Structure formats: C-alpha cells, structure tokens
Amino acid sequence: MNPREAMGRLGPTTVKFDIGRGGGKPDLTNQDIAAALGMVPAGLGRELLEACWWPDGAALRRHKLRDAVIALVTPELQRQQRRLAEARTDLGLAEVCIGWGGAATAEQRANRDAAQQRLGRVKAQCWPISTLESLPTLAMAVISEIARRPHCASCEGRGQTLSGELLMTCKVCGGSGLGQVSDRRRAAAIGRDESTYRAKWRVVYEWMLQQFGESEQEASWALQRALSSAA
Ligand SMILES: [Zn+2]
C-alpha cells in the first residue's frame with residue numbers, strides 16, 4: 001500500500017475506513033494507520049509526512065514541525081556564518097601583510113586578491129540575511145510543493161521507461177518520477193519575483209527541498225514497513 005495514500009485516509013474524524021484490500025483479509029483501520037504512524041521515528045520526517053499528507057493531523061502538532069525545521073536549518077546557518085567570518089578574517093590578514101615592513105610584493109597582492117575572491121564566493125553561497133524570518137513561508141512552500149509535485153510526464157511517475165524489453169531509468173527525471181517545478185512558480189509560492197528568487201532565494205529553497213524530500217521519503221518508507229507488519 002502507498003503509505004502517503006494511507007495518510008490521506010486519516011481524516012479529522014475517527015471513522016473506520018475500508019481501504020479496499022479485499023481478498024478476505026481484514027482491512028487496515030484508521031487506528032492501524034495511526035498506530036503505524038506512531039512507529040515512524042519522531043523528527044522532521046514524521047512531521048513532514050503529516051504536514052504533506054495529513055494536514056488535519058499536522059495542524060495539531062505545528063510547533064513540532066517548527067522545532068524540527070529550526071533544528072535542521074540552524075546548524076547550516078551557523079556553518080555559513082563561520083565560513084563568512086573566516087573568509088573576512090583571511091582577507092583582513094592578507095591586507096595587513098601588504099607592505100608590512102617594506103614595499104608590497106606581487107605575492108602579497110596575489111594573496112589579497114585570492115582572499116577577496118574567496119570572500120566573494122562564500123558570500124554568494126550564503127543564504128539571505130532574512131532567511132530566519134522567512135522560514136515559515138519557505139517551509140510551507142516546500143511542503144506544498146512536495147505534497148502537490150507533478151509526476152514526470154515522460155515516465156508517468158514510475159521513474160523508469162520501457163525501451164524494447166528493457167526497463168531503463170527515465171532520462172527526463174533521472175528516476176525520481178517527479179515533474180519539474182519552475183523557478184517562477186517557486187518564486188510566486190514564497191511571494192518574491194522571479195529574478196529576486198533566482199539571485200537570493202533559490203539556493204536556500206533548493207536546499208530545503210532536498211533536505212525535506214529526503215526526510216519525508218525516509219519517514220514514508222518507515223511508515224510503509226510499519227503498515228505491512230500491521231497487515
Ligand atoms: Zn521520468
């Protein structure tokens with residue numbers, strides 16, 4: 001059974017659902033699904049599973065999602081700030097060496113230029129200063145993308161295509177089965193124009209999408225295991 005579909009059957013009520021397993025086997029009930037969900041390790045993945053596929057349930061636990069997102073993002077922000085501080089210090093040191101006790105040498109100038117370039121690269125990789133304030137918007141946009149991501153049109157979401165009698169990894173989506181979402185759509189989802197998105201926000205959006213996607217996928221596999229042992 002698709003664990004995400006199972007989640008979708010969990011409504012705000014406690015009605016028993018017949019999820020059509022047939023074959024005389026007992027059907028998984030709402031409670032079975034909720035119990036299986038309880039066996040998924042706590043953390044970002046489980047919160048995302050709920051936020052993506054069971055919004056009624058996630059609404060009750062929104063602060064847990066917030067805490068998990070903050071726990072994911074904080075170390076990365078700190079790492080970026082450390083790299084930035086190091087690159088600034090390196091540049092300051094290279095500048096102070098120039099002409100210390102004599103004429104500036106070509107080597108000293110080259111060191112300063114290299115430090116300047118390194119600082120430029122580090123800055124370009126840093127997330128925008130207002131990332132923390134924008135975190136709720138970013139997180140909701142990424143969650144909504146995961147929950148509504150289109151299937152790859154080429155393989156219809158299977159991740160593989162049939163070439164003669166051979167199953168090949170789909171070239172269009174690289175086997176993920178997922179369709180492309182445009183920068184324009186992502187920019188609109190976080191309330192920015194496309195050029196600002198590309199210049200400033202794409203780096204953090206794509207990072208979050210990658211991290212959220214992996215966490216959600218792992219949690220989904222854990223739910224699937226729990227569901228099949230419940231069946
Ligand atoms: Zn594909």
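Residues numbered from 1 in each chain as written. Predicted model: local features only at pLDDT ≥ 70, side-chain atom pairs only at ≥ 80, totals over all residues. Heavy atoms only, no water.

(A) Focus on the packing of aromatic side chains. On inspection of all chains with the given rule, the structure shows two aromatic pairs. Considering the side-chain rings of Y197 and Y205, the 5.9 Å spacing of their centres and the 70 degrees angle between planes classify their relative orientation as edge-to-face. Judged by relative accessible area, which is 1%, Y205 ranks as buried. (Phe/Tyr/Trp six-rings, centres within 6.5 Å; stacked < 30°, edge-to-face > 60°. Buried < 20%, exposed > 50% of the residue type's maximum accessible area, 1.4 Å probe, protein only.)

(B) Focus on the pattern of salt bridges. Throughout the structure, instances matching the rule amount to 14 salt bridges. Notably, a salt bridge pairs R61 with E50, separated by 3.1 Å at the nearest N-O pair. Of the two residues, R61 sits in the loop between α4 (55-59) and α5 (62-97) while E50 sits in helix α3 (residues 44-53), which places them eleven residues apart along the sequence. Judged by its relative accessible area of 19%, R61 is buried. Relative accessible area serves as the criterion here: at 3%, E50 is assigned to the buried category. Through salt bridges with shared partners, one network takes in E145, R149, R186 and E206. (Salt bridge = Lys/Arg side-chain N within 4 Å of Asp/Glu carboxyl O. Helix = DSSP H or I, 4+ residues; strand = E, 2+ residues; numbered from the N terminus.)

(C) Geometry of the coordination of the zinc ion. At this site the zinc ion is bound by C152 (SG), C155 (SG), C170 (SG) and C173 (SG), with donor distances of 2.3 Å. Considering all four donor atoms around the zinc ion, the spread of angles at the metal, 104 to 114 degrees, places the coordination shape in the tetrahedral class. Between the donor residues of the zinc ion, the gaps in sequence give the motif C-x2-C-x14-C-x2-C. Just as C170 is buried, C173 falls in that class too. (Donors = N, O, S within 2.8 Å, 3.2 Å for Na, K, Ca; no water. Tetrahedral: all angles 85-135°; square planar, octahedral: opposite > 155°, others 65-115°.)

(D) A look at the packing of α3 against α5. Where α3 contacts α5, the two axes come as close as 9 Å, and the packing angle between them is 130 degrees. Relative to α5, α3 is oriented oblique. The two elements α3 and α5 cross, and the hand of that crossing is left-handed. Within the contact between the two elements, α3 uses L44, E47, L48 and A51 and α5 uses K64, L65, A68, V69 and L72. (Axes fitted to C-alpha atoms, helices over the stretch in contact; angles between N-to-C directions. Parallel < 35°, antiparallel > 145°, perpendicular 65-115°, else oblique. Left-handed = near helix turned anticlockwise from the far one by under 90°. Contact = heavy atoms within 4.5 Å.)

(E) Representation of helix α6 (residues 106-125). Along its 20 residues, α6 runs 29 Å from first to last C-alpha, staying within 8% of the 28 Å computed at 1.5 Å per residue. For α6, the full list of buried residues reads Q108, A115, L119 and V122. Seen from one end, α6 has its buried residues packed into an arc of 65 degrees, which puts them on one side. Turned more than 90 degrees away from the buried face of α6 sit A106, Q117 and A124, all of them exposed. Summarising the contacts, the buried residues of α6 are in contact with α5. (Expected span 1.5 Å × (residues − 1). Arc of directions from axis to C-beta.)

(F) Structural detail: the nonpolar core. Of all hydrophobic cores here, the largest spans 44 residues; its most connected members are L44, V69, Y205, M208, F212 and L223. Of all the secondary structure elements, the ones that give two or more residues to this core are α1 (3-9), α2 (30-38), α3, α5, α7 (131-148) and α9 (194-230). Among the elements that take part in this core, α9 stands out by supplying twelve residues, more than any other. Counting residues in hydrophobic clusters, the runner-up holds eight residues, among them A87, A94, V122 and C126. (Core = buried A, V, L, I, M, F, W, Y, C linked by side-chain atoms within 4.5 Å.)

(G) Inspection of the environment of T137 at higher detail. For T137, the location among the structural elements is in helix α7. When the C-alpha positions of T137 and G191 are compared, they lie 8.6 Å apart, and in sequence the two are 54 residues distant. Contacts of T137, omitting those with residues within four sequence positions, involve A189 and I190.

(H) Summary view of α3. Among the ten residues that make up α3, ten are buried, leaving the element largely enclosed by the rest of the structure. For α3, the complete set of buried residues consists of L44, G45, R46, E47, L48, L49, E50, A51, C52 and W53. Lining the buried residues of α3 we find α1, α2, α4, α5, α7 and α9.

(I) A look at the side chain of R46. Considering the arrangement of structural elements, one finds R46 in helix α3. Contact partners of R46, with chain neighbours within four places excluded, come to L37, G38, V40, P41, R61 and A219.

(J) Inspection of a nonpolar patch on the surface at higher detail. Residues L93, V96 and W100 make up a contiguous nonpolar surface patch of roughly 360 Å² in combined accessible area. Take V96: its relative accessible area is 44%, and that puts it in the partly exposed class. (Patch = residues over 30% accessible without salt bridge, like charges linked within 9 Å, V, L, I, M, F, W, Y side chains within 5 Å. Areas by Shrake-Rupley, 256 points an atom, 1.4 Å probe, with all protein chains shown as cover.)

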